[in-house]
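The primary structure of each chain is shown beneath.
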Amino acid sequence: MDYPPDIFQRHKQVGDYLLYAALSGFVLIILYIAWNFAEDIIYFPVVILGLVAFAILFSNPRLNLIVVLLGFVSLTDYNKGFQITEVIYGLYFVTYLAHWFISRVFITREPFVRTLTDRAVLLLLIAVTCYIPVAVIFNGNVYGIFAEWIAFVLLSFYFPIKEEIRNNPKGATIILCIIGFIGVYIAFRNLLNYRAMLSNATQMWQVARGRIVTNDNLLMISSLYGLILFTFAQKWRHQIITLGIFILFFSGLILTQSRGYWLAFLLGAGFMFLFLDGSHKKRLILVTLGGSASLALLAFIFLQDIFLLVTSGLAERLLSLQTATTADISLVNRFRETATVWEHIRVNPILGYGMGVGYDFFDITNGVTETDAFVHNGYVSLWFKYGIVGLGLVLFFWFRSIMNGVRAFRTKIAPPAVRLAGLFGATTLTAFLLSTLTSSPFFLNDTLFAFGLLLGTAEGAYQRTLEQAPA
């Protein structure tokens, strides 16, 4: 079709007019703010810089993914109320995920659902969203429904992470580096908080039983991450560095005094041991012995006079595992909680009750009857909220991701980073099988983000090996 010779000139003029109009509007907005909100004008440059950063990030998808994943550390502190950093990051990650999915569905039409695992994860995310009216029918708390749904949205990071590892030759390395950064940030923060707690302690029992439980699940993941790095480090310099990384992460895990995640770490390490060859099995035993000795030496150097007091408290906590199921009032209370929720499941096992729906439970630790929507047993929680179908979907893609992570690790032709990403994903997801019995990963922001990260890492490594396999 032939266009009139002046059509392009007219389009150029229209474009110029639009730019002039936008500039004029922008100037008017500045004048309006300066006239009516003179005291807030100092924040205007920050807004401008934020808009510029926003434009740069969303024009560079890979950089955008890296920044949004690194920025998750802003949600890892548990503070009362909403913090400004949490609000800003919440708006950022929701915008990122909406942009990522919309651009692939309507603009580039690039497929991102490729395997049965992908379909199961997507189906669960759709089902959780569809459960909002179900929760309303069962009188779910509106704030609870919204909070749980937003937390579940973080599971959507599975798709960008999986696609980055699958499509980018350096994707596995990038994701592993991001995991390392998150682990270092949390470990250092918890160690500083532990030091502050010891400084403020006024009684001996506060020193012996002092613990920092924040992000204990992420520290368990990081500890297995450090263990894998050391086990496969080749050069002696890398071995020293990775041993230090493991000690940092593992010391943070120990100071949480979270026995469930201690046992989960052991399960993950044992699972990894099964797939190692002889030399790497020896290395794993070496890091277990050498890391423990180094950690004890460092603790003695830094704790000095209170070393014996702290270690006796940790030893008492460890030995209490023998009688935890009968003597630990907190664990017994969780068993009673599970039994109470199970009675509700028996009434409605197929559909479930949805997010934010509470149940009445007599808490023996506080001696009062409370209404709560959180269930410590993750499997029972999924069944209670999303019915047998929701539980089945999670178990399906959970075990399938473990299996595919192992497959990626066993693919000898795959790059080392891809193989380690597969092993890391499979090992940590296996560890979660145990900790989920007493601490649900399907409720809070950090655990659902971690779960999506691990699923995406394992499945992405597997799909990368499929792309590289000879025809």
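First things first, this report covers the structure right here in the doc. (Residues numbered from 1 in each chain as written. Predicted model: local features only at pLDDT ≥ 70, side-chain atom pairs only at ≥ 80, totals over all residues. Heavy atoms only, no water.)

Side note on the overall build of the protein chain
Working step 1: Along the protein chain, the regular secondary structure elements total 19 helices and 2 strands.
Working step 2: Within the protein chain, the fraction of its 471 residues that count as buried is 46%.
Working step 3: Working note: accessible area of the protein chain is about 24,300 Å², and carbon and sulfur atoms make up 70% of it. (Helix = DSSP H or I, 4+ residues; strand = E, 2+ residues; numbered from the N terminus. Buried < 20%, exposed > 50% of the residue type's maximum accessible area, 1.4 Å probe, protein only. Areas by Shrake-Rupley, 256 points an atom, 1.4 Å probe, with all protein chains shown as cover.)

Some thoughts on the nonpolar core
Working step 1: Counting residues in hydrophobic clusters, the biggest one holds 115 residues, and the most contacted among them are Val68, Leu69, Phe93, Phe157, Met220, Leu227 and Trp398.
Working step 2: What Leu227 contacts, discounting residues up to four positions off in sequence, is Phe246, Phe265, Ala269, Met272, Leu284 and Val287. (Core = buried A, V, L, I, M, F, W, Y, C linked by side-chain atoms within 4.5 Å. Contact = heavy atoms within 4.5 Å.)

Considering unusual backbone geometry
For residues other than glycine, phi is negative in most cases, and the peptide bonds are mostly trans.
Working step 1: Not every positive phi belongs to a glycine, and Arg109 is a case in point at roughly 55°.
Working step 2: On the secondary structure map, Arg109 appears in the loop between α4 (84-107) and α5 (116-137).
Working step 3: With a phi close to 60°, Asn139 is a non-glycine residue in the positive phi region.
Working step 4: Locating Asn139 in the fold gives a position in the loop between α5 and α6 (142-153).

Observations regarding the packing of aromatic side chains
Working step 1: Inspection of the entire model under this criterion finds 31 aromatic pairs.
Working step 2: Measuring from ring centre to ring centre gives 6.3 Å for Tyr89 and Tyr92, while their planes differ by 80°; the resulting arrangement is edge-to-face. With Tyr89 and Tyr92 both in helix α4, this residue pair falls 3 residues apart, about one helical turn.
Working step 3: Using a relative accessible area of 15% as the deciding quantity, one classes Tyr92 as buried.
Working step 4: Summarising the aromatic geometry, the rings of Phe101 and Phe112 are spaced 5.5 Å apart at their centres and angled 75° between planes, so their arrangement reads as edge-to-face. A residue pair is termed long-range when its members are at least 10 positions apart, and Phe101 in helix α4 and Phe112 in the loop between α4 and α5 qualify at 11 residues. Each member of the pair Phe101 and Phe112 is classed as buried.
Working step 5: Taken together, the ring pairs in this structure connect Phe72, Tyr89, Tyr92, Phe93, Tyr96, Phe157 and Phe449 into an aromatic cluster. (Phe/Tyr/Trp six-rings, centres within 6.5 Å; stacked < 30°, edge-to-face > 60°.)

Some words on the side chain of Glu337
Working step 1: Note that Glu337 resides in helix α16 (residues 329-347).
Working step 2: Summary of buried charges: Glu337 has no salt-bridge partner, and the nearest side chain of opposite charge, Arg334, is 6.6 Å away.
Working step 3: Apart from residues no more than four positions distant in its own chain, Glu337 is found in contact with Tyr359, Phe361, Phe374, Val375, His376 and Asn377. (Lys, Arg positive; Asp, Glu negative; His and termini not counted. Salt bridge = Lys/Arg side-chain N within 4 Å of Asp/Glu carboxyl O.)

Side note on the pattern of salt bridges
Working step 1: Within the structure shown, the criterion is met by 6 salt bridges.
Working step 2: With a closest N to O distance of 3.0 Å, Asp118 and Lys162 form a salt bridge. Residue Asp118 is located in helix α5, and its partner Lys162 is located in helix α7 (residues 158-167); the two are separated by 44 residues in the primary sequence. The same class applies to Asp118 and to Lys162, which are both buried.
Working step 3: One salt-bridge network, in which partners are shared between bridges, spans Arg114, Asp118, Lys162 and Glu163.

What about helix α10 (residues 216-232)?
Working step 1: Between its first and last C-alpha, α10 extends 25 Å over 17 residues, near the 24 Å set by a 1.5 Å rise per residue.
Working step 2: Of all 17 residues in α10, 16 are buried; the element is thus mostly enclosed. (Expected span 1.5 Å × (residues − 1).)

Some details on the packing of α10 against helix α18 (residues 416-435)
Working step 1: The interhelical angle for the contact between α10 and α18, taken along N-to-C directions, is 140°, at an axis separation of 10 Å. Viewed along their axes, α10 and α18 adopt a mutual orientation that is oblique. When the axes of α10 and α18 are compared, the crossing they make is right-handed. Contacts between α10 and α18 involve Asn217, Met220, Ile221, Leu224, Tyr225, Ile228 and Phe232 on the former and, on the latter, Leu420, Leu423, Phe424, Thr427, Thr428, Ala431 and Phe432.
Working step 2: Taken together, the residues of the contact of α10 with α18 sort by class into 11 nonpolar, 3 polar and no charged. (Axes fitted to C-alpha atoms, helices over the stretch in contact; angles between N-to-C directions. Parallel < 35°, antiparallel > 145°, perpendicular 65-115°, else oblique. Left-handed = near helix turned anticlockwise from the far one by under 90°. Nonpolar A, V, L, I, M, F, W, Y, C, P; charged D, E, K, R; others polar.)

A few points about a nonpolar patch on the surface
Working step 1: A cluster of nonpolar side chains, namely Ile137, Phe138, Ile350, Leu351, Ile388 and Val389, defines an oily patch on the protein surface of about 550 Å² accessible area.
Working step 2: Here Ile388 lies in helix α17 (residues 378-410). (Patch = residues over 30% accessible without salt bridge, like charges linked within 9 Å, V, L, I, M, F, W, Y side chains within 5 Å.)

Looking at the environment of Leu420
Working step 1: Mapped onto the elements, Leu420 comes out in helix α18.
Working step 2: For Leu420, a relative accessible area of 18% puts it in the buried group.
Working step 3: In sequence terms Leu420 and Ala408 are 12 residues apart; their C-alpha atoms lie 8.4 Å from each other.
Working step 4: Leu420 has contacts with Leu176, Ile228 and Phe232, leaving out every residue within four places of it along the chain.

So, the pairing of strand β1 (residues 359-363)
Working step 1: Here β1 shows a buried face lined by Tyr359, Phe361 and Asp363 and an unburied face lined by Asp360 and Phe362.
Working step 2: Relative to strand β2 (residues 368-372), β1 is paired through 5 bridges, and the arrangement is antiparallel. Counted as the bridge partner of Asp363 is Val368 from β2.
Working step 3: Remark: 4 residues form the turn of the hairpin made by β1 and β2, two consecutive strands paired antiparallel; Gly367 in that turn has positive phi of roughly 75°. (Pairing = 2+ DSSP bridges.)

Brief notes about the side chain of Ser401
Working step 1: Within the secondary structure, Ser401 is located in helix α17.
Working step 2: Here Phe397 takes part through its backbone oxygen, which lies 2.8 Å from a polar atom of the side chain of Ser401.
Working step 3: Apart from the residues within four sequence positions on either side, Ser401 is in contact with Thr117, Leu429, Leu455, Ala458 and Glu459. (Polar contact = N/O pair within 3.5 Å; in protein donor to acceptor, adjacent residues only side chain to side chain.)

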